[in-house]
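Each chain, written out:
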Amino acid sequence: MSTKAFYKTEEIGKGKPGFSKTRSIIEAAFYGNNVVKINSLKEAYELAKNSPGTVVTDMPVFEAEKIGLDRDAKVLLFNDGAITGRYAAARRIQGEPGVDADRLDKLVMEAVYDTRFRKLYHAEAYIGLDPEFMVKAHLLIPEGFEMIAYNWLLNFQYINDEYYKMYQRSKPVGDGKEPDIYIFSDPAWKGAPDQTDICEGKCLAYFSTPTNCAAILGMRYFGEHKKGTLTIAWAIANRNGYASCHGGQKEYTLPNGKKFVASVYGLSGSGKSTITHAKHDGKYEIKVLHDDAFIINDETCSSIALEPTYFDKTNDYPTGCPDNKYLITVQNCSCTRDEEGKIVLVTEDIRNGNGRAIKSKLWSPNRVDKIESPVNAIFWIMKDPTLPPIVKIKGAALASVMGATLATKRSSAERLAPGVDPNALVVEPYANPFRTYPLVNDYRKFKHLVEEKNVDCYIINTGDFYGKKVKKEDTLGVIEAVVEKKANFKKWGPFSDIEIFEWEGFVPDLKDGEYVAQLIARMKDRVAFVESRKTAKGGFDELPEEAKEALEKVVKEAETLR
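Okay, so let's go over this structure. The shown structure was predicted, so the numbers you read here are calculated from the model rather than taken from an experiment.

Things to note about the overall build of the protein chain
At step 1: Helices and strands together make up the secondary structure of the protein chain, namely twelve helices and 30 strands.
At step 2: Here the protein chain, with 562 residues, has 59% of them falling under the buried criterion.
At step 3: A fraction of 75% describes how many contacts in the protein chain between residues 6 or more apart in sequence connect residues 24 or more apart.
At step 4: Side-chain charges of the protein chain comprise 78 positive and 80 negative groups, with the mean position of each set lying 1 Å from the other.

What to know about the state of the cysteines
At step 1: All chains considered together, the criterion is met by zero disulfides.
At step 2: The closest cysteine sulfur to the non-disulfide-bonded C203 is located on C199, 7.8 Å from its own sulfur.
At step 3: Not part of a disulfide, C457 finds its nearest cysteine sulfur in C245, a span of 13 Å.

Some points on the sheet that holds strand 16 (residues 310–313)
At step 1: Pairing in this open sheet of five strands is mixed, and the strands run 2-3-17-20-16 from one edge to the other. Across the chains shown, the open sheet's two edge strands, defined by having one partner strand only, are strand 2 (55–60) and strand 16. Neighbour-to-neighbour, the strand axes of this sheet turn through a mean angle of 25°, independent of strand direction.
At step 2: Bridge count for strand 17 (residues 327–331) against strand 20 (residues 356–359) is four bridges, and the pairing is antiparallel. Across the sheet, residue Q331 finds its bridge partner in strand 20, namely R356.
At step 3: Its contacts with the sheet place helix 4 (residues 146–155) against strand 3 (74–78), strand 16, strand 17 and strand 20, and it is angled at close to 135° to strand 17.

Comments concerning helix 5 (residues 161–168)
At step 1: Among the residues making up helix 5, those that are buried are Y163, M166 and Y167. All buried residues of helix 5 project into a common sector of 100° when viewed along the axis, lining one side. Opposite the packed face of helix 5, turned more than 90 degrees from it, sit the exposed residues D161 and K165.
At step 2: On its buried side, helix 5 packs onto strand 5 (120–130), strand 6 (133–142) and strand 7 (157–158).

Points about the packing of aromatic side chains
At step 1: In the structure shown here, the tally under the stated rule is 28 aromatic pairs.
At step 2: Considering the side-chain rings of Y221 and F311, the 6.4 Å spacing of their centres and the 50° angle between planes classify their relative orientation as tilted. On the criterion of sequence distance, the pair formed by Y221 in the loop between strand 10 (213–217) and helix 6 (222–239) and F311 in strand 16 is long-range, its members being 90 residues apart. The pair formed by Y221 and F311 is uniform in burial state, with each residue classed as buried.
At step 3: Taken together, the ring pairs in this structure connect Y265, F294, W380, Y430 and F446 into an aromatic cluster.
At step 4: The ring of F62 is capped by K325, whose NZ or CZ atom sits 4.6 Å from the centre of that ring.
At step 5: Of note, K359 hangs over the ring of Y317, and the distance from its end group to the ring centre comes to 3.3 Å.

Reading guide: rules and limits
Residues numbered from 1 in each chain as written. Predicted model: local features only at pLDDT ≥ 70, side-chain atom pairs only at ≥ 80, totals over all residues. Heavy atoms only, no water. Helix = DSSP H or I, 4+ residues; strand = E, 2+ residues; numbered from the N terminus. Buried < 20%, exposed > 50% of the residue type's maximum accessible area, 1.4 Å probe, protein only. Contact = heavy atoms within 4.5 Å. Lys, Arg positive; Asp, Glu negative; His and termini not counted. Charge placed at Lys NZ, Arg CZ, Asp CG, Glu CD. Disulfide = S-S within 2.5 Å. Pairing = 2+ DSSP bridges. Axes fitted to C-alpha atoms, helices over the stretch in contact; angles between N-to-C directions. Arc of directions from axis to C-beta. Phe/Tyr/Trp six-rings, centres within 6.5 Å; stacked < 30°, edge-to-face > 60°. Lys NZ or Arg CZ within 6 Å of the ring centre and 35° of its normal.

So, in C-alpha cells, the structure goes:
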C-alpha cells in the first residue's frame, strides 16, 4: 500500500521511520475507547445532518448515488460563527527556527487529554487519485463537529470499493517508509493563555511533517482542515519526486489533435478556478485535472489530482444559478424560503465574506484524475499593476524566482492578524502558503521543469494594469493565443529574459517615467524579498544567489529606460 499503517515488531521503536514524540502523542488518541469509527460517507452524512446547528435544505444533492450518498440526500448548510477564513498566523511548523516543539508537544498532550470525556469520531480518506500516488489520511474530531468530518470525507476521497482496490495496487510512497497521515482536531479548544509566546492563545495548527501528523486546535473553519491535510500530502510528494502545486491544471486538445497542458498558480480569488474551468466556447476538447491541488512528476511531467471535489466560493453563484445544482455542502452562507416554502440558499456573500461550498466532481463533466501528457506551460497568476496581461519568461532561474516572488493581494479566504493591511501587495511563493519544507525545494523543482523539461513559463496579471482592470475575457484571450500558438511574443524593451505579447489596450509605455519607476520598484520589491529569506526564519527559506541575480539583472535593464 502507498503509506504505512501496520508495523512489524522490529519496525517499531525510537528513531525508526514513522515514530517521533509528536506522532506518538497524536496517533495514540485514535485508539481511545471514546473513539467511534465513521465507516462510510452515508454514515458521515447522517451524523452531519443530525449535528446541532446544521440546516438541512430542500435542495437535493445532484445524482447523490454516484458520489456515495442515498438518493434522497440534501445539501447541508453549516455556519461557523464570525470566523470565516484561514488564519496563517496560527501555523507552527516543527523544524522551523523559533518553533518550540517540546512546549507545543506538551500543549497537544493536554489538548488530547481534555477530550477524554467526549466522544471522538475517526474518519479515513485517500489523498491522490491514481495508483502512482495515493496516501491514506486519518482525522480525529470531537462530537459536535460532524459537519467538518463530512466535509473532509467529501473533499478528499472517502474509502469505497473502487478506491480501496486502487489503493491496494498502488505504488508504495517513499519505498514504503512514509506513514499514514494522522490529524487530531479539537475546534472547541479554549487555548493556552499562559503560552501565547508559542501559539496564538486560542488557536493552533501545529505540523510535524517528517512523520506526517498535525494538531489543529481552536479552529472551526473547514478550510483549516482541508489545507492542513494538504500541507502534509504536499510535503510527502515533495520528498518523493514531485513538484507540489497549489493551482489548477487542464489539457487542451486542439482541432488538429495536438495537446497543450497548462498549469496555473494563484491564491484564492486570483482567477485560477475560473481559468481552469473555462470552456472556451467549445473551441477545444478540455480535460480538467483540478483547480486547487495536484502534483507533477519530476521526470515524466505527468500530473495527478489530490482531491475529487471542489471547495469553491459561493459569491459568484447567486440563488438559482445552474451551477448550484452540484453543491453538496455549504458553509458560511444564509438561507431562506422560496415561493414554495422550500429552504434554499442565500449566497453572494451577503452574510459574510468567503462563503464556501463543496461541489461535486460531476460539476466538471470533463474531469480526469491524471493527465499523462507532460505539462507544456506554467502560468504564474499575479495581481501586480505594473505587469501587462501576459509576459513570457525565458531564463530558467528567472522563471522559477518569479514564481518564488509571486505578487498578489490578500483574499477574503484569509483571516488576517491585527494591523495587517488587506489591500497591500504581498508575495506568496508559488501561491502556496502551506509549504512546510524549505522554499529552495520548490525553486529547484520548477527550475528543473523549465530548464530540463522544456516547460514554458508565463506571468499573467488578473488584477489591474496601471489603473485599468484586466477582465476575464482578456485573460482567457491571451491564454487561448498561447495554446493556439498565435501569440506573437517579442523582446520587451531592454529585457533579455522577458518577452511580451502586446494585448490591445494593455501595452506598457516604456517612455512613461512614472510607469518605469513603478516597474523598477516592484522588481526591487522582489529582490528585497529574496534577500530577506537569508535571515527570515533563520534562513530556512534562503534561495540560491542565482535567484537574486536573475532579478537584479531585470532591475539593471529596467534602469536603462530612465
